[in-house]
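Spelled out from the first residue to the last, the chains are:
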Amino acid sequence: MTSTARPSGRNQTSRVVRHQMYIGGRFEDALSGGTLEVYDPATEGVIATCPAGDAKDVDRAVRAATSAFYGGWRKVTAQERGRVLLRLADRIRARRGELAELETRNSGKPIVEAEYDMDDTATCFEYYGGLATKINGEVLPVPAEAMAFALREPVGVAGQIIPWNYPLLMAAWKIAPALAAGCTVVLKPAEQTPLSILALAQDFEAVGIPPGVVNIVTGDGPGAGAPLVVHPDVRKIAFTGSAEVGKLIMRAAADQLKRVSLELGGKSPNIFFNDADFENAVDGALFGTFINQGEVCSAGSRVLVQRDIYRKFIDAAAAKAKTIKLGNGLDRETKMGPLVSSEQRDRVVRYLEIGRGEGKLAVGGGIPKALDWGWYVEPTIFYDVDNSATIAQEEIFGPVMSVIPFTDEAEAIRIANATPYGLAAAVWTRDIFKAFRVVKALEAGIVWVNHMQPTFVEAPWGGYKASGFGRELGHWAVEEYLETKQVFINLDEKPIGWY
Ligand code: NAI
Ligand code: MG
């Protein structure tokens, strides 16, 4: 299946742009001089290079972030931090088209989805621009003749490591709350998709982000991510990516007892009861699994369908999946672009091969023959999948749905929770009693009712169980970047007299 009749060699059609990373307010090469190639997944051509940062570059960036933290950012007022974030949001809105196009060119996603991402990115900076002035401590009613406070203070330099599926949005989810809290940042984008955040960094100085407050170090995981995790001056690591790397990070951070927050994806159930609105349900199953080519941590890739509608559901979903238009994301008609890299395409194709032995194929199952170039995979639906199957248990991160039948509510809940993960879940029914019973029974950090995937900056995002811990978005994200200091002020002028 991997070998299709494709032209051989490289499809190099565009100029290769040489990018630099952003350290201490300047665009810089790696000290080693090394570079990494950056691809357009739709053409398989190299579109750019970025520096292959290593431990030395990470150290430079952490030093810049440390001196920015102690040298001034800590003392910048919350109002000014908020204004900086609001100005950055304005820049993103002004550059929406350009940034969206860059995101599509580098990640493969349809341009319409990239434009939504830019809107969400701007909204994220706006939200935390507003929140910066609402980070309050507390006054505590201690019994002594005293006053006691809980002060909230920034943890210091935050190390942030993000994936390639929502490149600029994931950067915003990490940078915005950290700056609102008063931290400085060293962020490492995914090696596949550094371009949009480097483009945005061109505006950092103009919006008033002082040098060193946000540093972007490009490079791969072992080269640049790992040294960031163990750098002694980095006080906190925020990570989004694979469970495998999440475990490595947690182990590495343990030596320094460094605080960590992890968002590790999942295998989220999307549950359809007999009484769900049928058309919406079919759409919701496809959207829940195939949005962003299925490269979504919260993908509803385990579709649980009640038996009365099971057969009809599979037929309707397969018929509709056939109409999904694959192609270059820059084409406005495109509904599904290529996967981000040849590695990711190959990983997904391996799951397709496993799936053929584990379920029945309703639609898709391979690489589309019609497209000469690009790391495409057909939208694929397997059905009669047992929940213990590999394709029902492992995160595939591609357009692959496993449909599993169930008989009643109790069985649906049992199957839904039978996974090591617990990021998201959705339930479709018109019965409000049943909907809320299921909501309460699901072990997941995000639960949708009669929808799947809408995400809002106001609401918490993160997982139960092996999907990680800590929460992004809302006021929860700011907590991840704050320390709590207890202050006790004695008001009794002769308090001691003990010895
Ligand atoms: P990954 O977890 O290796 O990469 C995510 C980020 O971690 C990247 O910035 C990468 O450079 C960095 N990284 C890798 N190794 C590191 C290390 N030893 N120390 C510090 N940082 C490191 O994900 P990958 O390999 O790109 O994709 C593999 C699978 O991971 C996907 O098929 C998918 O199942 C899952 N994944 C989940 C994501 C999510 O949003 N939860 C996002 C991306 C991938
Ligand atoms: Mg990896």
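Residues numbered from 1 in each chain as written. Chains lettered and ligands numbered in written order. Predicted model: local features only at pLDDT ≥ 70, side-chain atom pairs only at ≥ 80, totals over all residues. Heavy atoms only, no water.

A. Local environment of a nonpolar patch on the surface. Together, Val139, Met147, Ile489 and Leu491 line one region of the surface with nonpolar side chains, adding up to about 330 Å² of accessible area. With respect to the helices and strands, Val139 occurs in strand β6 (residues 138-140). (Patch = residues over 30% accessible without salt bridge, like charges linked within 9 Å, V, L, I, M, F, W, Y side chains within 5 Å. Areas by Shrake-Rupley, 256 points an atom, 1.4 Å probe, with all protein chains shown as cover. Salt bridge = Lys/Arg side-chain N within 4 Å of Asp/Glu carboxyl O. Helix = DSSP H or I, 4+ residues; strand = E, 2+ residues; numbered from the N terminus.)

B. Layout of helix α2 (residues 78-94). In this model, α2 (17 residues) spans 25 Å end to end at C-alpha, consistent with the 24 Å of a helix rising 1.5 Å per residue. Restricting attention to buried positions, one finds in α2 the residues Arg81, Gly82, Val84, Leu85, Leu88, Ala89 and Ile92. On an axial view of α2, the arc spanned by its buried residues comes to 155°, and they lie on one face. Here the buried face of α2 lies against α3 (96-107), α4 (111-131), α5 (167-181), α6 (195-201) and α7 (204-207). (Expected span 1.5 Å × (residues − 1). Buried < 20%, exposed > 50% of the residue type's maximum accessible area, 1.4 Å probe, protein only. Arc of directions from axis to C-beta. Contact = heavy atoms within 4.5 Å.)

C. Representation of the environment of Gly265. In this fold, Gly265 is placed in the loop between β12 (259-263) and β13 (269-272). In this structure, the C-alpha to C-alpha distance between Gly265 and Cys297, residues 32 residues apart in sequence, is 4.1 Å. Setting aside residues no more than four positions away along its own chain, Gly265 makes contact with Gly241, Cys297, Glu395, Tyr421, Leu423 and Ser467.

D. A look at the site of ligand 1. In the vicinity of ligand 1 there are 28 residues, among which Ile162, Trp164, Lys188, Glu191 and Ser242 approach most closely. Glu395 has a polar side-chain atom sitting 2.9 Å from an oxygen atom of ligand 1. In the complex, 89% of the free accessible area of ligand 1, which totals 810 Å², lies under the protein chains. Looking at the shell around ligand 1, the elements that each hand over two or more residues are α8 (221-230), β11 (236-240), α9 (243-254) and α12 (342-358). Element by element, the count of residues in the shell around ligand 1 is highest for α8, at 3 residues. (Near = heavy atom within 4 Å. Polar contact = N/O pair within 3.5 Å; in protein donor to acceptor, adjacent residues only side chain to side chain.)

E. Focus on the domain arrangement of the protein. Domain annotation of the protein identifies domain 1 (17-264 + 467-485) and domain 2 (269-449). Computed over C-alpha atoms, the centres of domain 1 and domain 2 are 31 Å apart. On the domain 2 side, the residues contacting the 28 residues of domain 1 number 29 residues. Among the residues domain 1 hides against domain 2, the three largest losses belong to Glu44, Trp164 and Ser467. Together they make up 25% of the total. Summed over the shared surface of domain 1 and domain 2, the number is 1 salt bridge. Where Arg332 meets Glu115, a salt bridge forms, and the shortest distance between an N and an O atom there is 2.4 Å. For the side of domain 1 that touches domain 2, the secondary structure elements donating two or more residues are β4 (35-40), α3 and α4. A breakdown of the residues in the side of domain 1 that touches domain 2 according to their chemical character gives 10 nonpolar, 9 polar and 9 charged. (Domains from an automatic or database assignment. Buried area = accessible area lost by both parts, 1.4 Å probe. Nonpolar A, V, L, I, M, F, W, Y, C, P; charged D, E, K, R; others polar.)

F. Examining the sheet that holds strand β1 (residues 17-18) more closely. Spatial ordering of the open sheet is given by β1-β5-β4, a layout of 3 strands whose pairing is mixed. One side of each edge strand has no neighbouring strand; the edge strands of this open sheet are β1 and β4. Inspection of the sheet shows β1 paired to strand β5 (residues 45-51) by 2 bridges, in the parallel sense. In the sheet register, Val17 faces β5, and the bridge partner there is Ala48. (Pairing = 2+ DSSP bridges.)

G. A look at the environment of Asp315. Along the chain, the position of Asp315 falls in helix α11 (residues 307-322). Residues Asp315 and Ala362, 47 residues apart in the sequence, show an inter-C-alpha distance of 7.7 Å.

H. Seen up close, the pairing of β13. Residues Pro269 and Ile271 line one face of β13 and the alternating positions Asn270 and Phe272 line the opposite face, and both faces are buried. Pairing of β13 with strand β14 (residues 302-306) involves 4 bridges; the strand directions are parallel. Across the sheet, residue Pro269 finds its bridge partner in β14, namely Arg302. On the question of chirality, the crossover connecting β13 to the parallel β14 by way of helix α10 (residues 278-290) is right-handed. (Right-handed = clockwise from strand over helix to strand, strands pointing away.)

I. Representation of the pattern of salt bridges. Within the structure shown, the criterion is met by 31 salt bridges. With a shortest N-O distance of 3.9 Å, Asp40 and Arg105 are connected by a salt bridge. Pair noted here: Asp40 is in strand β4 and Arg105 is in helix α3, with a separation of 65 residues, a long-range link. The class for Asp40 is buried, based on a relative accessible area of 4%. Accessibility expressed as a relative area gives 27% for Arg105, which makes it partly exposed. The residue Glu479 makes a salt bridge to Arg152 at a minimum N-O spacing of 3.0 Å. Of this pair, Glu479 sits in helix α16 (residues 474-479) while Arg152 sits in strand β7 (residues 146-154), and the two are 327 residues apart along the sequence. Look at Glu479 and you get partly exposed, because its relative accessible area is 38%. Members of the salt-bridge network, linked through shared partners, are Arg26, Glu28, Asp57 and Arg60.

J. Structural detail: the side chain of Lys236. Tracing the chain through its elements places Lys236 in strand β11. Among the polar contacts listed, one links the side chain of Lys236 to the side chain of Ser261, at a separation of 3.0 Å. Residue contacts for Lys236: discarding those within four places in its chain leaves Val155, Val157, Ala158, Gly159, Lys258, Arg259, Val260, Ser261, Glu480 and Tyr481.

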